Each structure stands twice: as structure tokens, then as C-alpha cells.
Amino acid sequence: MNDDTTIRRDFLKGAAASLMVLFTEEELLTAAQTPATQFPPVKVGLIGAGQWGKEILASLSRSNSMRVTAVCDTYEPALKKALEIAPKASSATDYRKLLDSAEVEAIVIATPTHLHKDIALAALQAGKHVYCEAPLATTMDDAKAIAMAASANTKLKFQTGLQGRSNALYRHISNFVKAGVLGTSSQVTAQWNKKLSWRRAAPTSERERELNWHLSKQTSLGLPGEIGIHQFDLTNWYLKKLPTAVMGMGSIARWNDGRDVADTVQCLLEYPAGVRMVFMSTLTSSFSNSFTLFQGDNSSLMLREKRGWMMKEADSALLGWEVYARKESIHDETGICMVADATKLLEAGKEPGKEGSMETTESALSLAFDNFARSIRENTAVMGGALEGYQSTVTAIKANEAIVTGNKVTFDKSWFELK
């Protein structure tokens, strides 16, 4: 009997025996997040205080497991705004000052993607733990250099900014995916739609180029790299497979403002056993926002960041807990909803199908940093390490290449290996 069969048997037995409701959040938070009071906070320095960097800084500043001790950005106005969020932190315009500081144990890299390599390698060389935003780099050579260095420094923790790996509901759902609730997987559909230009104004032309790095092919992987990588990673994770080929198309459908990065893209990734993933994204419309849909012959899973539903096929076997779950209409189907804290509700004599929060209470980003801190203090595995970050980056790089060139790209298995 293989490991997956054992997992399936034990997991489904446990679910039926305890009458647990599918997609509860409570168990996972216990497993994925150690209370910060159990260890001293990790002293962290942020490098890159742009728009996303400020979001990261706000999350770090609210964390009990990490303490912001330093902030770095080459642009003084951005640095000034960052210090309003973390007023007790020291500041620098040269990231090497953070690497020299004894008050910095770990580094969070939130600079433009094409600048990650030198910073990540220097941070590891300086003996700092590293959290590097995804994608790791814009080229396979740079991404491999980062991942290889991280893998070689076994005493240091390296976590990639694949927040889905820390998402409480995604992690709990992964247990059911392993247990086989999808049956035989057939296809994955993912989309991310939001009407915005992605362009930001700046006081000088030089600063405008720096600020809008993601609108140039020279410095950006476009929508597949900046957005799609998270859904590519989720697909790689849930299918436990890596893509074998990818085709794509892209166009500038609305934002004709001098950019050379597509504002609308579609790509088709082929996986082993005839499974395919479609990724679609546009900056011209916000309709239907974002989701990832996994389809199999037993059931389908539709996931948004904080909500999710399972739609069972009429001929799939009952597992025993469905009657307790809250249900909603999803298109023409009835979906079994995620219900947070279902165990507590059952213990209180309440029905999770009628009562309980419909959304997770912890953001994936905050959980990612808590997980990173825990891995440092307790020497546990990170959630989304160098290998996962590298493989997802390779997937995004080649998806973007297919879109830019209009050619089908066949993956070489060696591209995904770190050696």
C-alpha cells in the first residue's frame, strides 16, 4: 500500500468518525501557526518599500512573531512613508547596511523582481534568513542561482512569497485533495481579472521608469509572473505534478500607453496524464475577479482567497459529513462551503451548516510571516521553500515566454531540478 493510499484511508476514516465539516479552519491554524508568545519575535529588515512593500510592512508591524528593526529603499520619499508604518525601525538607502546589522536576523526582499538575485545572495552570504517575494527572478539562471544558494545554506531558512502555501483554507483543502476527493483530475481553470492600468505616476521620468518596471519586458514577467505564479504554484502543489508544455497568447487590449507588456493574456499548460490548466488574466475588466477551479470525475473545487466550495458529482460516494456542511448555489450547482471553526460550533451544539464565519480570519500574508518566524525559531520546514519557489518561477517564466513569442514551449524536466 503506497503512502497516498494510507493518507486517503486514514484521513477519510477520521473525517467520517468525527463528523468534521469539510474545509474547517481551526485545525489548520493550530498546525500552521504557533502562538508568538512561545518564542521571541524575529528581528526583520525589509528591503523594498514600494506599494507592495508597504503592504508587507503593515503586516509585519501587526505581527507578534516578527519585529521590524530596519527598512531599506533607494527612494527617500518611499523610505519616509515606510517609517510612518514602522517608526521604531532604522532606515537605510543601501541594503548592505541591513546585512551588516546585528539587529537584523532575517530579510524580506520586496524589490522589483529583476533586482532579487544580488540581494538574496548577499543576504545568505551574510548569514541572514531570507523571505523573497515571488517570482524569485526574471530569468531561469538568476532564479536557479538564488535557489541553489538557499539550498546550500542549510542552517538558514529561505521562504518564497507564495502566500497560498500558508493560506489556512488552501492547506486544509490540500489534505482532502490528497485523500482523493477530486477523483481523477481532468482540468484546472484559473483567472485573475481587475480593471486597472498598473501604471503609477512619479515626479520624474527616471522615477517613473523605476516605479513602472512591471510594464517593460526587460524587467517584468508580466501577468504570468506577477499574478499567475500563485495559481501555477497552487496547481503544481495540488496535482503533485509539474507542467510538460505551455502555449499562450497576449495583447495590449486597452492600455496603449507605451508599455510592451500585455494587459490581457491566456495560456494553456499541459500536465502529465492529460490534465490541462488554463490561465486567463486581464487588466481591462474586473468581472468575476479571481478564482482557481479544479475539476475531477468525483468532484470539483472552486477556490477564492478566503472562500471555497466543493461541488460533488451525482454518482460520487458520500463520505458522511456532507449533511453538516453549509451549502450555496454556485452557477447551476450546489456547493459545499468552507465553514470556519466548525469543530467549536459542533462542540457548542450548533450547526456549522447554519452558523459560523464564512471566511478565514487570518490573511495568507500574515500567516506566511508567522510560519517563517516559526521555522526560524523552531527549526521547522518553511511553507514554500527554495525548490517550490524555483519550480513555480520556471513555470511562470516559460508561460510568459510562450505568451510573448506565441510559440509552444516544451518543458525539459531538468529545468525544474536544482543541481
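One numbering rule holds for all chains: residues counted from 1, following each sequence as written. Local features in this predicted model are restricted to residues whose pLDDT is 70 or higher, and side-chain atom pairs enter the listing and the counts only when it is 80 or higher, whereas totals over whole chains, interfaces and linings include all residues. Water and hydrogen atoms were dropped before computing side-chain values, which therefore reflect all heavy atoms in the structure.

### A word on the sheet that holds strand S6 (residues 158–161)
- Here, any two strands with at least 2 DSSP bridges between them count as paired. Labels follow the DSSP assignment, with helices taken as runs of H or I lasting at least four residues and strands as runs of E lasting at least two, numbered in each case from the N terminus. On the basis of which strands lie adjacent, the open sheet formed by six strands has the order S3-S2-S1-S4-S5-S6 and parallel pairing. This sheet does not close on itself; its edge strands, each paired only once, are strand S3 (90–92) and S6. Each neighbouring strand pair of the sheet contributes to a mean axis angle of 25°, computed without reference to strand direction.
- Across four bridges, the pairing between strand S4 (residues 106–109) and strand S5 (residues 129–133) is parallel. Following the sheet pairing, Ile107 is matched in S5 by Val130.
- Helix H4 (residues 76–85) contacts strand S2 (66–72) and S3 of the sheet and is inclined by roughly 165° relative to S3. Only the stretch in contact is used when fitting a helix axis, every axis being a line fitted to C-alpha atoms; angles between N-to-C directions are given from 0 to 180 degrees. By definition in these notes, contact holds between two residues if any of their heavy atoms fall within 4.5 Å.

### Describing the packing of aromatic side chains
- Any pair of Phe, Tyr and Trp rings, taking the six-membered ring for Trp, is counted once the centres come within 6.5 Å. Such a pair is stacked with planes under 30 degrees apart, edge-to-face with planes over 60 apart, and tilted for the rest. Evaluation of the coordinates by the stated rule reveals seven aromatic pairs.
- Measuring from ring centre to ring centre gives 5.2 Å for Trp237 and Tyr238, while their planes differ by 65°; the resulting arrangement is edge-to-face.
- Their ring planes at 25° and their centres at 5.3 Å tell us that Phe411 and Phe416 sit as a pair that is stacked. We note that Phe411, like Phe416, is buried.
- A network of ring pairs unites the aromatic residues Tyr131, Phe369 and Phe372 as a single cluster.
- Look at NZ for Lys and CZ for Arg. If either is within 6 Å of the ring centre and within 35 degrees of the ring normal, a charge sits over the ring. The ring of Trp255 has Arg254 lying over it, and the distance from NZ or CZ to the ring centre is 4.2 Å. Burial classes follow relative accessibility: with a 1.4 Å probe on protein chains only, a residue under 20% of its type's maximum area counts as buried, one over 50% as exposed, and anything between as partly exposed.

### Let's talk about the environment of Leu418
- Turning to its location among the elements, Leu418 is positioned in the segment after strand S16 (409–410).
- Residue Leu418 is classed as partly exposed on the basis of its relative accessible area of 23%.
- For the pair Leu418 and Ala386, spaced 32 residues apart in the sequence, the C-alpha separation amounts to 9.4 Å.

### Considerations on the environment of Ala82
- Secondary-structure assignment places Ala82 in helix H4.
- Classification of Ala82 by relative accessible area gives buried; the value is 0%.
- The spatial distance from the C-alpha of Ala82 to the C-alpha of Cys72 is 8.8 Å, given a sequence separation of ten residues.
- Apart from the residues lying within four places of it in its own chain, the contact partners of Ala82 are Ala49, Leu57 and Val71.

### So, the confidence of the model for the chain
- One confidence number per residue, pLDDT, is output by the predictor and ranges from 0 to 100. Averaged over every residue, the pLDDT of the chain is 87; residues scoring 70 or more account for 83%.
- Across residues 3–37, where pLDDT falls below 50, the model places 83 contacts with residues more than four positions away in sequence or in other chains.
- Within the model, pLDDT remains below 50 along residues 339–345, and this stretch shows 26 contacts once partners closer than five positions in the same chain are excluded.

### Concerning helix H3 (residues 51–62)
- By this rule, a helix spans an expected 1.5 Å times one less than how many residues it contains. For H3, which comprises twelve residues, the first-to-last C-alpha distance of 17 Å matches the rise-based estimate of 16 Å (1.5 Å per residue) to within 8%.
- Of all the positions in H3, only Gly53, Ile56, Leu57, Ser59 and Leu60 are classed as buried. For H3, the angular spread of the buried residues around the axis is 165°, confining them to a single face. Looking at H3, the residues exposed on the side facing more than 90 degrees away from the buried face are Gln51 and Arg62.
- In this structure, the buried side of H3 is in contact with strand S1 (42–47), S2, H4, S4, S5 and helix H12 (364–378). The arc in question is formed by the directions pointing from the helix axis toward the C-beta atoms.

### Thoughts on the packing of H3 against H12
- At their nearest, the axes of H3 and H12 sit 10 Å apart, and the two run at 65° to each other. Crossing of H3 against H12: the hand is right-handed. Packed against H3, whose contacting residues are Trp52, Glu55, Ile56, Ser59 and Leu60, the element H12 presents Leu365, Ser366 and Phe369 at the interface.
- Under the scheme applied here, ten amino acids are nonpolar (Ala, Val, Leu, Ile, Met, Phe, Trp, Tyr, Cys and Pro), four are charged (Asp, Glu, Lys and Arg), and all others, including Gly, are polar. Class assignment for the residues of the contact of H3 with H12 results in five nonpolar, two polar and one charged. For any pair of crossing helices, the crossing counts as left-handed if the nearer helix is rotated counterclockwise from the farther one by less than a right angle, and right-handed if it is rotated clockwise.

### Regarding H4
- Within H4 the residues assigned to the buried category are Ala78, Leu79 and Ala82. Taken around the axis of H4, the buried residues stretch over an arc of 100°, which confines them to a single face. Relative to its buried face, H4 has exposed residues pointing more than 90 degrees away, namely Lys80 and Glu84.
- In this fold, the buried residues of H4 make contact with H3, S2, S3 and helix H9 (205–211).

### Overview of the pairing of strand S11 (residues 290–296)
- The element S11 is extensively covered by neighbouring structure, given that six of its seven residues are classed as buried.
- For strand S7 (residues 185–193) and S11, the ladder comprises seven bridges, and the chain directions are antiparallel. When the bridges of S11 are listed, Ala190 appears paired with Thr292.
- Where S11 meets strand S12 (residues 299–303), four bridges bridge the pair, whose relative direction is antiparallel. Considered in S12, the bridge of Thr292 is made with Leu303.
- Hairpin connection, S11 to S12: the antiparallel pair is bridged by two residues.

### Describing the pattern of salt bridges
- In the sections that follow, a salt bridge refers to a side-chain nitrogen of Lys or Arg positioned within 4 Å of a carboxyl oxygen of Asp or Glu. Counted under the stated rule, the structure contains 13 salt bridges.
- As a salt-bridge pair, Arg377 and Glu105 come within 3.0 Å of each other at their nearest N and O atoms. Linking Arg377 in helix H12 with Glu105 in the loop between helix H5 (95–100) and S4, this pair joins segments that are 272 residues apart in sequence.
- Across the pair Arg374 and Glu378 runs a salt bridge whose closest N-O atoms are separated by 3.2 Å. Taken together, the residues Arg374 and Glu378, both in helix H12 and four residues apart, mark about one turn of the helix.
- Taken together, the shared-partner salt bridges in this structure form one network comprising Arg199, Glu208, Asp257 and Arg259.

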